[in-house]
There are 2 protein chains.
Amino acid sequence: MVSPISVLGARVQYSSVANVQLTSETYPEIQRGDYAKLTDEDIAHFKAIVSESGVVTDADDLVFYNEDWMRKYRGMSSIVLKPKTTEQVSQIVQYCNEKKLAVVPQGGNTGLVGGSVPVFDEIVLSLANMNSVRSFDPVSGILVADAGVILEVADQYLAERGHIFPLDLGAKGSCHIGGNVATNAGGLRLLRYGSLHGTVLGLEVVLPNGKILNALSSLRKDNTGYDLKQLFIGSEGTLGVITGISILCPQRPKATNVAFLGVESYEAVQKAFVHAKAELSEILSAFEFMDNKSLKLVQDHSDLARPLEDEYPFYVLIETSGSNKDHDDAKLESFLENAMESEVVLDGVVSQDETQLKNLWMWREFIAEASGKGGGVYKYDVSVPLKDLYSLVEDVTARLNEHNLIGDSDEFPVIDSVGYGHLGDGNLHLNVAVRRYEKKVEKVLEPFVYEWISKRSGSISAEHGLGFAKKNYIGYSKDQDSIDLMKAIKSQFDPNHIMNPYKYF
Amino acid sequence: MVSPISVLGARVQYSSVANVQLTSETYPEIQRGDYAKLTDEDIAHFKAIVSESGVVTDADDLVFYNEDWMRKYRGMSSIVLKPKTTEQVSQIVQYCNEKKLAVVPQGGNTGLVGGSVPVFDEIVLSLANMNSVRSFDPVSGILVADAGVILEVADQYLAERGHIFPLDLGAKGSCHIGGNVATNAGGLRLLRYGSLHGTVLGLEVVLPNGKILNALSSLRKDNTGYDLKQLFIGSEGTLGVITGISILCPQRPKATNVAFLGVESYEAVQKAFVHAKAELSEILSAFEFMDNKSLKLVQDHSDLARPLEDEYPFYVLIETSGSNKDHDDAKLESFLENAMESEVVLDGVVSQDETQLKNLWMWREFIAEASGKGGGVYKYDVSVPLKDLYSLVEDVTARLNEHNLIGDSDEFPVIDSVGYGHLGDGNLHLNVAVRRYEKKVEKVLEPFVYEWISKRSGSISAEHGLGFAKKNYIGYSKDQDSIDLMKAIKSQFDPNHIMNPYKYF
């Protein structure tokens with residue numbers, strides 16, 4: 001039994017597999033690009049830029065940077081650089097561009113699509129040593145900080161000043177805010193605070209030629225030219241290295257409530273959402289749902305007590321945040337009364353204190369980790385129109401059963417196929433929990449899942465990004481004209497294609 | 001005396017000048033580009049695409065499309081095309097690109113920087129006939145509509161369905177939602193609902209080569225590749241023609257309150273903002289401020305009764321919107337009590353019904369129009385860090401006085417120099433109301449205003465855009481590297497530079 005609480009700075013892993021195969025062995029069809037190989041001269045040059053302590057070459061120390069969080073991908077980089085200033089990043093990248101050395105920018109390395117680890121021998125450029133808050137304006141709520149600040153550290157800093165980071169996610173104890181922006185992380189409160197495309201006000205980016213793009217504006221409104229920073233939000237390190245961000249942080253809510261509800265069908269989940277939007281409106285800060293199979297996984301891998309006495313096919317977690325506890329309590333109470341009376345909700349519990357609130361959230365937040373505890377997990381993070389959202393889990397489960405891949409004993413590779421996610425954002429996480437990674441499972445799942453989503457005009461990657469895992473599947477969500485435009489932009493910014501190769505598209 | 005209420009479909013103008021000089025005569029240094037000239041063959045071709053009724057060539061009818069809202073700019077286009085479908089737009093643009101005919105996309109033509117009218121003989125491509133709602137999903141609140149839908153029409157459509165358009169501005173009765181997106185309009189409720197970069201979920205765009213970019217996604221989350229649609233938000237028609245938009249619309253508030261407050265200094269305005277953020281938090285939907293000189297202009301050009309008995313140096317308009325009237329009233333009452341007790345606010349009035357609410361808003365919304373009623377207006381729409389925001393008005397007024405340009409009688413070209421705006425967004429509107437446009441006034445104002453802003457790392461165009469008026473000043477807010485990147489993107493998308501030439505940069 002492990003504690004599912006995220007511990008600041010600690011690393012939670014999605015898989016217990018002992019050894020991670022080299023990505024280049026798992027995917028022998030991927031060829032190393034025509035990049036230069038690292039020389040002793042290069043290493044000496046890097047040491048001159050970031051000093052001895054900013055260069056990692058020890059084999060044991062390199063493991064963390066070469067392996068991804070899910071333990072599905074492993075690169076073989078022999079060097080990690082940890083610059084402390086934007087100027088150092090600029091010098092490194094300029095040198096790599098001149099020498100045609102490939103680079104992987106890396107934040108907290110908590111990505112779920114293998115985007116932040118090398119595939120071959122790319123140089124890892126870690127932002128971990130750029131971790132200072134640069135400024136905070138308490139009147140406007142604008143925070144300017146280095147890319148390498150850990151999300152939870154940034155939020156704690158803001159909490160002390162009555163504000164909140166407009167993004168929250170399970171990996172907050174490890175992930176970097178720069179990585180969040182580079183991957184356009186969505187997370188738990190997008191419903192309330194909106195996407196990073198709206199909240200990020202400015203970025204400082206080292207371009208692939210080493211130039212520093214100073215778009216670190218601290219203005220809420222600025223209509224002078226194309227909004228270049230938007231291109232980097234979600235570009236996963238393929239257009240440059242984000243070194244600083246400016247972001248608008250809302251007032252921190254004074255009161256937070258969490259309700260955990262049992263409902264009898266996915267249709268009832270949607271009805272509850274309409275009720276919540278109408279009655280909780282401006283104080284609704286999260287509307288999460290999960291199936292009973294998700295909860296069973298959490299139960300199997302934690303010592304948490306079930307929040308509701310009976311079992312229900314689906315559960316909903318609602319969070320409200322507001323500035324007046326009495327008002328929020330009254331709104332939530334009225335919502336629950338109406339929802340129970342109309343039988344949309346069958347049972348429910350409301351947190352009475354901070355501990356209960358955290359415990360209820362754990363049932364939702366620990367699903368991701370619990371899914372991998374049995375050996376590994378195939379994760380799909382998709383957007384589809386709300387009404388069809390859960391059908392994907394049903395169809396995939398049926399398909400795994402048809403192929404006799406799912407079952408309780410060790411002979412079956414698949415433990416279970418579960419669904420949960422951010423209903424308010426139309427975002428489903430389909431997790432196929434496995435005892436071991438097997439090609440035949442992958443073949444049953446893919447391209448089936450992608451075709452299923454494409455037919456419904458959905459997104460094959462709602463918030464996790466493309467990285468290495470989804471790079472071949474972008475065509476299921478974007479047409480060729482769009483992909484061609486993206487590639488032209490990539491070539492314009494990075495003509496030598498040194499930034500995060502083998503990824504994205 | 002005119003009624004300042006915006007009337008649906010009616011055109012409110014910012015100037016009463018009788019004749020607008022041709023832009024090419026006002027700015028003889030601007031040379032016509034090497035574009036083809038319209039031939040009879042071209043006209044016949046366009047008639048084949050959009051039919052006889054979709055082609056405007058009558059001289060009287062052309063006036064509206066050639067002149068801008070402020071009546072400062074006049075082009076000499078001899079043709080306006082009014083396609084009804086995206087396919088028709090595509091055919092028109094493809095033809096223009098092949099023939100090297102320059103094109104100005106035009107929405108409601110309410111822009112304030114001369115961006116939507118031709119400079120020479122560019123073809124005007126009006127979106128006015130593409131004005132249908134395509135779909136609305138009441139569960140997710142996602143609206144998909146043609147670009148030519150008038151903002152107020154879209155909002156009325158949503159009001160009937162319990163939702164609200166996440167943007168509101170003075171020109172709502174005339175402006176198009178496509179134009180709003182093309183110019184990244186900010187408006188009155190950005191404070192609450194955020195920028196269009198966050199709320200727009202998808203766009204359909206006809207690219208300069210005539211291809212239709214289908215990025216009309218109805219998903220809140222989609223991390224599959226660069227977010228191309230972001231480039232078009234605020235591109236002012238220079239990268240393509242927006243033909244459709246998909247946008248996330250919030251639940252419509254059930255209760256709205258407006259308070260109009262008198263305060264004694266700009267410092268007190270800022271203090272009131274901090275109070276409002278802390279106490280009204282999630283229900284705060286607007287925080288507008290204006291100086292007494294702004295109110296005097298409104299008084300001179302309307303028959304509105306002053307909202308407060310006494311005069312104060314500054315006024316604040318606060319709007320709250322929420323889902324529970326009693327809760328909102330209680331929060332607002334408590335805020336006002338505290339603000340009056342601590343003497344941040346000296347006097348105030350709260351709207352008791354819908355009519356009073358609209359009247360209070362008029363004092364804010366009519367300033368823009370009133371500023372031009374005496375002859376014309378030089379408008380500056382800037383972002384600067386909050387603490388310095390109002391100093392710009394003081395410094396400009398002092399400078400106009402020094403040059404003896406401002407006064408009560410007809411010999412002085414300048415009537416007054418006033419300041420107001422969206423304090424919550426750090427966005428000031430500086431309006432220099434004039435009796436007539438004179439070069440010597442312009443010379444005293446520019447580049448002084450731009451240099452002033454540049455020194456404070458502000459934006460020389462917060463929400464109005466660059467258009468024709470500000471194209472030469474982008475360098476005050478963006479460095480050369482950024483401008484070079486923008487120009488490279490422009491050339492990639494529009495190698496023949498046919499889209500909205502002479503504008504932007």
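All values derive from a computational prediction rather than experimental measurement. Position numbers for residues start from 1 in each chain and track the written sequence from start to end. To read the labels, note that chains go from A and ligands from 1, taken in the order they are written. Whole-chain, interface and lining totals are the exception, using all residues; otherwise, since this is a predicted model, local features are given only for residues with pLDDT of at least 70 and side-chain atom pairs are given and counted only at 80 or more. Side-chain figures throughout are based on the complete set of non-hydrogen atoms in the structure, without hydrogens or water.

Let us now look at the overall build of chain A. A tally of helices and strands in chain A yields 18 helices and 16 strands. For the radius of gyration, the atoms used are the C-alpha atoms, and the globule rule reads 2.2 Å times the number of residues raised to 0.38. Taken over C-alpha atoms, the radius of gyration comes to 23 Å for chain A, in line with the 23 Å a tight globule of 505 residues would show. Overall size of chain A, expressed as C-alpha extent along the three principal axes, is 70 × 60 × 45 Å. Taken across its 505 residues, chain A has 63% of its residues classed as buried. Long-range contacts, defined as pairs at least 24 residues apart, comprise 76% of the intrachain contacts of chain A with a sequence gap of at least 6. Numbered from the N terminus, helices here are DSSP runs of H or I no shorter than four residues, and strands are runs of E no shorter than two. Think of it in three bands: with a 1.4 Å probe and only protein chains considered, a residue is buried below 20% of the maximum accessible area for its type, exposed above 50%, and partly exposed in between. Throughout, a residue-residue contact means that at least one pair of heavy atoms, one from each residue, lies within 4.5 Å.

Quick look at the interface of chain A and chain B now. Taken residue by residue, the interface counts 86 residues in chain A and 86 residues in chain B. A combined buried area of about 6,600 Å² lies between chain A and chain B, and 55% of that area is made up of carbon and sulfur atoms. A per-residue breakdown of the area chain A buries against chain B is headed by Lys 221, Asn 223 and Tyr 226 of chain A, which together make up 16% of the total. Think of a salt bridge as a Lys or Arg side-chain nitrogen and an Asp or Glu carboxyl oxygen that are within 4 Å of each other. Where chain A touches chain B, the interface holds 10 salt bridges. The salt bridge partner of Lys 221 of chain A is Asp 425 of chain B, with a shortest N-O separation of 3.1 Å. Of all the secondary structure elements, the ones that give two or more residues to the side of chain A that touches chain B are α7 (190-193), α8 (196-199), β8 (212-215), α9 (229-232), α10 (266-280), α12 (325-341) and α18 (480-493) of chain A. Summed over both partners, the accessible area lost on bringing two parts together, with a 1.4 Å probe, is the buried area.

To continue, consider the UniProt feature "domain: FAD-binding PCMH-type" (unreviewed entry) in chain A. Mapped onto the present numbering, the UniProt feature "domain: FAD-binding PCMH-type" (unreviewed entry) falls at residues 73-252 of chain A. Span residues 73-252 of chain A is 23% helix and 22% strand, its end C-alpha atoms 38 Å apart. UniProt positions are given in the numbering used here, feature names are shortened, and annotations may be inferred rather than shown by experiment.

Between its first and last C-alpha atoms helix α12 (residues 325-341) of chain B spans 24 Å; for 17 residues at 1.5 Å apiece the expected length is 24 Å, and the two agree. Remark: Glu 343 of chain B follows α12 of chain B within two positions and exhibits a positive phi of approximately 60 degrees. The span expected for a helix works out to 1.5 Å for each residue beyond the first.

In this section: the packing of helix α2 (residues 40-50) of chain A against helix α4 (residues 86-99) of chain A. Residue and element names in this part refer to chain A. Put simply, α2 and α4 touch, their axes get as near as 9 Å, and they point 160 degrees apart. In terms of their interaxial angle, α2 and α4 are classed as roughly antiparallel. Crossing angle aside, the handedness with which α2 passes α4 is right-handed. Contacts between α2 and α4 involve Glu 41, Asp 42, His 45, Phe 46, Ile 49 and Val 50 from the first element and Gln 88, Gln 91, Ile 92, Tyr 95, Cys 96 and Lys 99 from the second. Its residues assigned to classes, the contact of α2 with α4 comprises 6 nonpolar, 3 polar and 3 charged. Helix axes are fitted only over the stretch in contact, all axes being lines through C-alpha atoms; the angle between N-to-C directions runs from 0 to 180 degrees. Angles are sorted into four bins: roughly parallel if under 35 degrees, roughly antiparallel if over 145, roughly perpendicular if 65 to 115, and oblique for all others. Crossing handedness is defined as follows: a turn of the near helix away from the far one that is anticlockwise and smaller than a right angle gives a left-handed crossing, while the clockwise case is right-handed. Following the grouping adopted for this structure description, the nonpolar residues are Ala, Val, Leu, Ile, Met, Phe, Trp, Tyr, Cys and Pro, the charged ones are Asp, Glu, Lys and Arg, and the polar ones are all others, Gly among them.

All names here are of chain A. Pro 447 follows Glu 446 through a cis peptide bond whose omega is 5 degrees. For Pro 447, the position within the fold is in the loop between α16 (439-445) and α17 (448-455). The phi angle at Tyr 504 is positive, at roughly 75 degrees, despite the residue not being glycine. Checked against the element boundaries, Tyr 504 lands in the segment after α18.

Moving on, we get to the confidence of the model for chain A. pLDDT gives the predictor's per-residue confidence on a scale running from 0 to 100. Considering every residue of chain A, the mean pLDDT works out to 94; 96% of them sit at 70 or more. The model gives residues 1-13 of chain A a pLDDT under 50, and that stretch makes 35 contacts with residues more than four places away or in other chains.

Once that is clear, we can look at the relation of the copies chain A and chain B. The least-squares superposition of copies is restricted to C-alpha atoms, and to residues with a pLDDT of at least 70 in both copies. Between the two copies, chain A and chain B, the superposition gives an RMSD of 0.0 Å; the rotation angle is 180 degrees and the shift along the axis is 0.0 Å. The transformation just described matches what one would write down for a two-fold rotation axis. Relative to the rotation axis, the closest C-alpha in chain A is found at Gly 198 of chain A, a distance of 2.0 Å. When you check the interface residues of chain A against chain B, 100% turn up at the interface there too, and the contact is symmetric in its surfaces.

With that settled, consider the pattern of salt bridges. Within this structure, the stated rule accounts for 54 salt bridges over all chains. Of the charged contacts, one joins Glu 204 of chain B and Arg 134 of chain B as a salt bridge, the two residues approaching to 3.0 Å between their closest N and O atoms. In this pair, Glu 204 of chain B sits in strand β7 (residues 200-206) while Arg 134 of chain B sits in strand β5 (residues 133-137), placing the two residues 70 residues apart along the sequence. Via salt bridges that share partners, Asp 168, Lys 172, Arg 189, Glu 319 and Glu 365 of chain A belong to a single interconnected network.

Glancing now at the environment of Gly 108 of chain B. Residues and elements named next belong to chain B. Its location among the elements puts Gly 108 in the loop between β3 (103-106) and β4 (123-126). Sequence spacing of Gly 108 and Gly 173 is 65 residues, and the spatial spacing of their C-alpha atoms is 9.1 Å. Setting aside anything within four residues of it in sequence, one finds Gly 108 in contact with Phe 64, Ser 174, Cys 175 and His 176.

Relative to the helices and strands, Ser 24 of chain A is located in helix α1 (residues 23-26). Excluding residues within four positions of it along the chain, Ser 24 of chain A makes contact with Met 76, Val 119 and Phe 120 of chain A.

What follows covers the pairing of strand β16 (residues 427-434) of chain B. All names here are of chain B. Among the 8 residues that make up β16, 8 are buried, leaving the element largely enclosed by the rest of the structure. Burial along β16 is two-sided: Asn 427, His 429, Asn 431 and Ala 433 and Leu 428, Leu 430, Val 432 and Val 434, pointing in opposite directions, are all buried. At least two bridges found by DSSP between two strands is the condition for calling them paired. Pairing between strand β14 (residues 376-383) and β16: 8 bridges, direction antiparallel. Each residue of the ladder has a partner; that of Lys 379, found in β16, is Asn 431. Pairing between strand β15 (residues 414-422) and β16: 8 bridges, direction antiparallel. Directly across from Tyr 420, in β16, lies its bridge partner His 429. Once β15 ends, the chain turns through 4 residues before running back antiparallel as β16, passing Gly 426 with a positive phi of about 65 degrees.

Residue and element names in this part refer to chain B. Spatial strand order, β13-β10-β12-β11-β15-β16-β14: 7 strands in an open sheet with antiparallel pairing. With partners counted over all chains shown, the strands left at the sheet margins are β13 (347-350) and β14, one partner each. Across this sheet, the average inter-strand angle for adjacent strands is 15 degrees, counted without regard to direction. The pairing of strand β11 (residues 284-291) with β15 spans 3 bridges and is antiparallel. Bridge pairing in β15 places Phe 289 opposite Gly 421. Sitting on the sheet, helix α13 (residues 354-365) is in contact with β10 (255-263), β11, β12 (314-322), β13, β15 and β16, with an inclination near 50 degrees to β10.

Here we come to the domain arrangement of chain A. Residues and elements named next belong to chain A. The split of the chain into domains comes from an automatic or database domain assignment. For chain A, the assigned domains read domain 1 (133-248), domain 2 (255-367) and domain 3 (374-469). On a C-alpha basis, the centres of domain 2 and domain 3 stand 24 Å from each other. Between domain 2 and domain 3, the residue contacts involve 16 residues of the former and 20 residues of the latter. Summing both sides of the interface, domain 2 and domain 3 together bury roughly 1,500 Å²; the carbon and sulfur share of this comes to 62%.

Moving on: the packing of α12 of chain A against α12 of chain B. Between α12 of chain A and α12 of chain B, whose axes approach to 11 Å, the crossing angle comes to 175 degrees. Overall, the two elements α12 of chain A and α12 of chain B adopt an arrangement that is roughly antiparallel. Contact with α12 of chain A, carried on its side by His 327, Ala 330 and Lys 331 of chain A, involves His 327, Ala 330 and Lys 331 of chain B of α12 of chain B and no other residues of that element. Tallied by class, the residues present in the contact of α12 of chain A with α12 of chain B amount to 2 nonpolar, 2 polar and 2 charged.

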